[in-house]
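Below, each chain spelled out in residue letters.
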Amino acid sequence: SKQITTMFKSAALVLLSRSSHSFLIHHTPRRSLPLCFTHKMSTQTEVTQNDVISPPVARRDEEKVCFAGVGPADWDAKMPRQSNDSSEKLLDPPVAIPDPYGWLRDDTRENKEILDYLRAENEYSQSMTTHLKGLQDSLYDEFLSSIQETDYTTPRSREGFWYYTRTFKGESYSAYCRAPKTSDTFSINWDGTKESPIMPGEEVYLNVNELAKDKSYCSVGRVKPSPSQTYIAYAVDFSGDEKYEMHVRNLETGEDVALTEVGSDDLLEIDGLLWGKDDDTLYYMTMDEFHRPYRLYQRKDWKSDAPADTLLKEELDDLFWCSSYKSLDGKYIFFDTASKETSEVWYLSTEEESSVTEMKCVAKRRNKVLYEVEHGDDSWYVWTNVDGSPNMKLMSSPATADSASNWELVEDANGTPVFDGSLAKSLDSVTVLNTHAVIEGREGGIPRVWVYSKETKKMKMLSFDEDAYDVGMLAHFEADTKSIAVSYDSLVTPPSSIEISLDDDSQRTVLKTKAVPGYDKGSYGCDRMEVLSRDGDTKIPISVVYSNETMEKVKAGERVPVHLYGYGSYGACMEADFDTTRLPLIKRGMIYVIAHIRGGGEMGRQWYEEPNGAKYLCKKNTFNDFVDVAKFLVDTWTTPEMLSCEGRSAGGLLIGASINQAPELFKCAILGVPFVDVAVTMTDSTIPLTSGEWVEWGNPNEEKYHQYMMEYSPMNNVQKGKTYPACWLTGGLNDPRVAYWEPAKMTATLRHANPNNENPICMKLDLSAGHFSASDRYKYFRELAYDYSFLLDQLKLAN
């Protein structure tokens, strides 16, 4: 919910050089292959010259550069070169960074020559995988066979209804449903068909399949029932650019209204939405020209012909990303503004929303002090790193403005702080119920859930049978409850929803277990291991899942194929969770490894922050850790010819930097929507969201960070005269986070540096999607089958 949304939004890596002149694509054909040429692929399928085309060759503009440092002569003075509070020295004179493929940037996404080039890349990738059509079909069928296509999510209680979603076989999107709540518990007596209701009185109040009709893309964001449950407000994106329309639907009449700007017919473009105390008041966020949420509005009388909008709060510092949410008890609307290092929260009482429009501040921002807030018992529950603690501590105070001086540590019955911010355990979020507070965090690298009793002041961590697992709270909409529900899974255990009593956690009821047709848990195994990094001190956790048959081969001394996955940025955690899309790889004899490298948050914030994490001037730890894990795998289970790697977004940066550092370690690399043009992108605040990333990576306009970033930016460190692994790069034309030209420029750079590379470099660009790939679940499986067929073919596992 709020935590997840914030995480994904903060992963906004948009960037790139300033607008440039439009250039024609210069097609320079490679030397033609002899007409009699045939190439025998690993499937033993013979591919002729008619099947394979030469890769498109992007023209290089050797004179094109991007300047780092003080603004060049033609720079718009309104666009910052560094943050307002930075005291670091800018490079002066500015330093030129070569950008020979910078002409591929087109902010309009309409330049015909560039679109033709992108289509040519897609055609080349298609030609390189034509012989894998049978494998792609098999993978697609395997993905589908591992899910229950007609299914439902665990019902959750909300104001007299059970709310849940359904999927139906053959339909690409979810349907939002509810049923009257007749008791505090429920039992499901469903015959498994799409025609039968999950619960008596079921009502489908939003069928996304209907919204998506005749649309190439459809992503529904927030869906919020009104306080009376008569309306829903929802957000929908039809392009993948994450610009959402705001709709309100009357659940009694079915009338659906797209809200417009006051005094205009233009549709509202929003980032978040909330209901106030009653059905007459809505709150919504808007974005600035650089796609940053920054304003919170209140709309009264939204049903009338003349609704009234009031700007409640705005954040003009573009380092700060903003969000809004409502306290679980419904008493407050919050406006949260935060950079990666500093935050501030403002609030408005819903009791006063009809007469008061001035928000108050929980605690004024202080440099490098982060805090988040919930409300309960007329108190603020605050989790914060105030006073420089390495992890968040849990504090509380009376619910008043400017309350920081009154924050006190929440203690147990013995007077011991339940979360003191030390290295022992980390705190991620707090759900405040009437009688308890439920705390999510990490200990020993594993996600944990603690239950704290307000009455007894006792806190207990929920325990589970497996050593390594993923656990987290399900959605909770009511503070008055005697139980909570969590989602639990592991690398080999499919997800289950478990209801747990707040007073006696031994009282547990499994509400639902994800059906995985044909899956036999006993045929698979998993391990949690540690790899010693090159510094000789840091132990890097890895999660490993495999078939027992494959591990028997390893024990007998045989080398086997391994796929290594990683991310390592923003303090985000890659969990040891269950994923059916891994099964086709594992069934083909691969070991799947997740590297919990520094830059993530698996071991607490210290795993992410300086001086020993992987941020700013220690970012290289992320890439070094990944390469060290790869070397361990080669020494232990596999060979470079049998090792593949994968990462998405900032994980694509990870893969790009890792194959530059050690191209000889890998046979195949998947770079999904990769952030690879780091240095050029981070110099340019005209690119949406860039300036907010300066407090993640550093600012290459400043002397302090420039050279360090240049030493790892993948685009600037491709080695010549080296054999690179086969690379499969993906992107989305409408991606607002990592622009399409990043994978396009990296593809061209890899080919140019090593024109005779024996392994193919391919790019697949979705011309109708954004950062998160296809919104259609069936199209998503098709795309993933496409990706994995390339990987398996390169590892000679296509058969």
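Keep in mind the model is a prediction, meaning the values are calculated, not measured.

With respect to helix H11 (residues 703-710)
Buried within H11 are the following residues: Tyr-705, His-706, Tyr-708, Met-709 and Met-710. Summarising the contacts, the buried residues of H11 are in contact with strand S3 (65-68), strand S4 (95-98), helix H7 (620-636), helix H9 (678-682) and helix H10 (694-697).

Description of the sheet that holds strand S25 (residues 393-398)
Strand order across the open sheet formed by four strands is S23-S24-S25-S26, with antiparallel pairing between neighbours. Whereas interior strands pair on both sides, the edge strands pair on one side only; in this sheet they are strand S23 (371-376) and strand S26 (408-409). The pairing of S23 with strand S24 (residues 379-384) spans six bridges and is classified as antiparallel. Looking across to S24, one finds that Glu-374 is bridged to Tyr-381.

Quick notes on empty space enclosed by the protein
Under the defined criterion, the tally for this structure stands at two cavities of 30 Å³ or more. In this structure, the largest cavity occupies an estimated 40 Å³ of space. For the largest cavity, the full set of lining residues is Leu-491, Tyr-519, Tyr-524, Val-545, Phe-578, Asp-579, Arg-582, Leu-583 and Ile-586. Its residues assigned to classes, the lining of the largest cavity comprises seven nonpolar, no polar and two charged.

As for the sheet that holds strand S22 (residues 360-361)
Pairing is antiparallel across the open sheet formed by four strands, whose spatial order is S19-S20-S21-S22. Two strands in the sheet have a free side with no partner beyond their single neighbour: strand S19 (321-326) and S22.

A word on the packing of helix H2 (residues 112-129) against helix H12 (residues 741-753)
Packing of H2 against H12 leaves a shortest axis separation of 12 Å and a crossing angle of 60°. Our classification of the angle between H2 and H12 gives oblique. Note on packing geometry: the crossing formed by H2 with H12 is left-handed. Touching Tyr-117, Leu-118, Glu-121 and Tyr-124 of H2 are Ala-744, Thr-747, Ala-748 and Arg-751, all from H12.

What about the environment of Tyr-381?
Assignment of secondary structure puts Tyr-381 in strand S24. A C-alpha to C-alpha distance of 14 Å links Tyr-381 and Val-451, two positions 70 residues apart in sequence. The residues touching Tyr-381, leaving out its near neighbours within four places in the chain, are Glu-372, Val-373, Glu-374, Gly-376, Met-395, Val-432 and Lys-454. There is a polar contact of 3.3 Å between the side chain of Tyr-381 and the side chain of Asp-377.

Quick word on the pattern of salt bridges
Counted according to the given criterion, the structure contains 46 salt bridges. Between Arg-292 and Asp-288 there is a salt bridge, with the nearest N and O atoms lying 3.1 Å from each other. Classification of Arg-292 by relative accessible area gives buried; the value is 6%. Salt bridges sharing common partners tie together Glu-341, Arg-605, Glu-609 and Lys-615.

Concerning the pairing of strand S34 (residues 508-513)
In summary, the side chains of a regular strand alternate between the two faces of the sheet. Pairing of strand S33 (residues 496-501) with S34 involves five bridges; the strand directions are antiparallel. In the sheet register, Ser-496 faces S34, and the bridge partner there is Thr-513. Here S33 folds back onto S34, and the loop between the two strands holds six residues.

Considerations on the packing of aromatic side chains
Remark: the centre distance and the inter-plane angle together describe each pair of aromatic rings, the angle taken between the planes. One pass over the structure, following the stated rule, counts 36 aromatic pairs. With centroids separated by 5.5 Å and ring planes inclined at 90°, the aromatic side chains of Tyr-152 and Trp-190 adopt a geometry described as edge-to-face. Residue Tyr-152 is found in strand S5 (residues 151-152), and its partner Trp-190 is found in the loop between strand S8 (175-180) and strand S9 (203-207); the two are separated by 38 residues along the sequence. A relative accessible area of 13% places Tyr-152 in the buried class. The interplanar angle of 70° and the centroid separation of 6.1 Å between the aromatic rings of Trp-275 and Trp-302 together place this pair among those described as edge-to-face. Of the two residues, Trp-275 sits in strand S15 (residues 272-275) while Trp-302 sits in the loop between strand S17 (293-300) and strand S18 (308-314), which places them 27 residues apart along the sequence. For Trp-275, a relative accessible area of 3% corresponds to the buried category. Judged by its relative accessible area of 9%, Trp-302 is buried.

A look at a negative patch on the surface
Taken together, the side chains of Glu-261, Asp-265, Asp-266 and Glu-269 make up a negatively charged region of the molecular surface. Mapped onto the fold, Asp-265 is located in the loop between strand S13 (256-258) and strand S14 (269-270). In this structure Asp-265 comes out as exposed when scored by relative accessible area, which is 74%.

Section: the environment of Glu-742
Turning to its location among the elements, Glu-742 is positioned in helix H12. In the structure, Glu-742 is positioned 74 residues away from Cys-668 in sequence and 19 Å away in space, judged by C-alpha atoms.

With respect to the confidence of the model for the protein chain
On average, the protein chain scores 92 in pLDDT, and the residues at 70 or more come to 93%. Scored below 50 in pLDDT, residues 1-49 shows 131 contacts in the model against residues more than four places distant or in partner chains.

Thoughts on unusual backbone geometry
A cis amide bond links Asp-92 with the next residue in sequence, Pro-93, at an omega value of 10°. Tracing the chain through its elements places Pro-93 in the loop between S3 and S4. Cis geometry is adopted by the peptide bond preceding Pro-611, which originates at Glu-610 and carries an omega value of 10°. A positive phi angle is found at Asp-378, which is not glycine, with a value near 60°. Among the residues examined, Asp-378 registers a relative accessible area of 55% and is labelled exposed.

Rules and cut-offs
- Residues numbered from 1 in each chain as written.
- Predicted model: local features only at pLDDT ≥ 70, side-chain atom pairs only at ≥ 80, totals over all residues.
- Heavy atoms only, no water.
- Buried < 20%, exposed > 50% of the residue type's maximum accessible area, 1.4 Å probe, protein only.
- Helix = DSSP H or I, 4+ residues; strand = E, 2+ residues; numbered from the N terminus.
- Contact = heavy atoms within 4.5 Å.
- Pairing = 2+ DSSP bridges.
- 1 Å grid on protein atoms, 1.4 Å probe; cavity = no way out; pocket = protein on both sides within 12 Å on 5 of 7 lines; lining within 4 Å.
- Points joined across faces, edges and corners; volume = space filled by probe spheres on them.
- Nonpolar A, V, L, I, M, F, W, Y, C, P; charged D, E, K, R; others polar.
- Axes fitted to C-alpha atoms, helices over the stretch in contact; angles between N-to-C directions.
- Parallel < 35°, antiparallel > 145°, perpendicular 65-115°, else oblique.
- Left-handed = near helix turned anticlockwise from the far one by under 90°.
- Polar contact = N/O pair within 3.5 Å; in protein donor to acceptor, adjacent residues only side chain to side chain.
- Salt bridge = Lys/Arg side-chain N within 4 Å of Asp/Glu carboxyl O.
- Phe/Tyr/Trp six-rings, centres within 6.5 Å; stacked < 30°, edge-to-face > 60°.
- Patch = residues over 30% accessible without salt bridge, like charges linked within 9 Å, V, L, I, M, F, W, Y side chains within 5 Å.
- Areas by Shrake-Rupley, 256 points an atom, 1.4 Å probe, with all protein chains shown as cover.
- Lys, Arg positive; Asp, Glu negative; His and termini not counted.
- Charge placed at Lys NZ, Arg CZ, Asp CG, Glu CD.
- pLDDT = per-residue confidence, 0-100.

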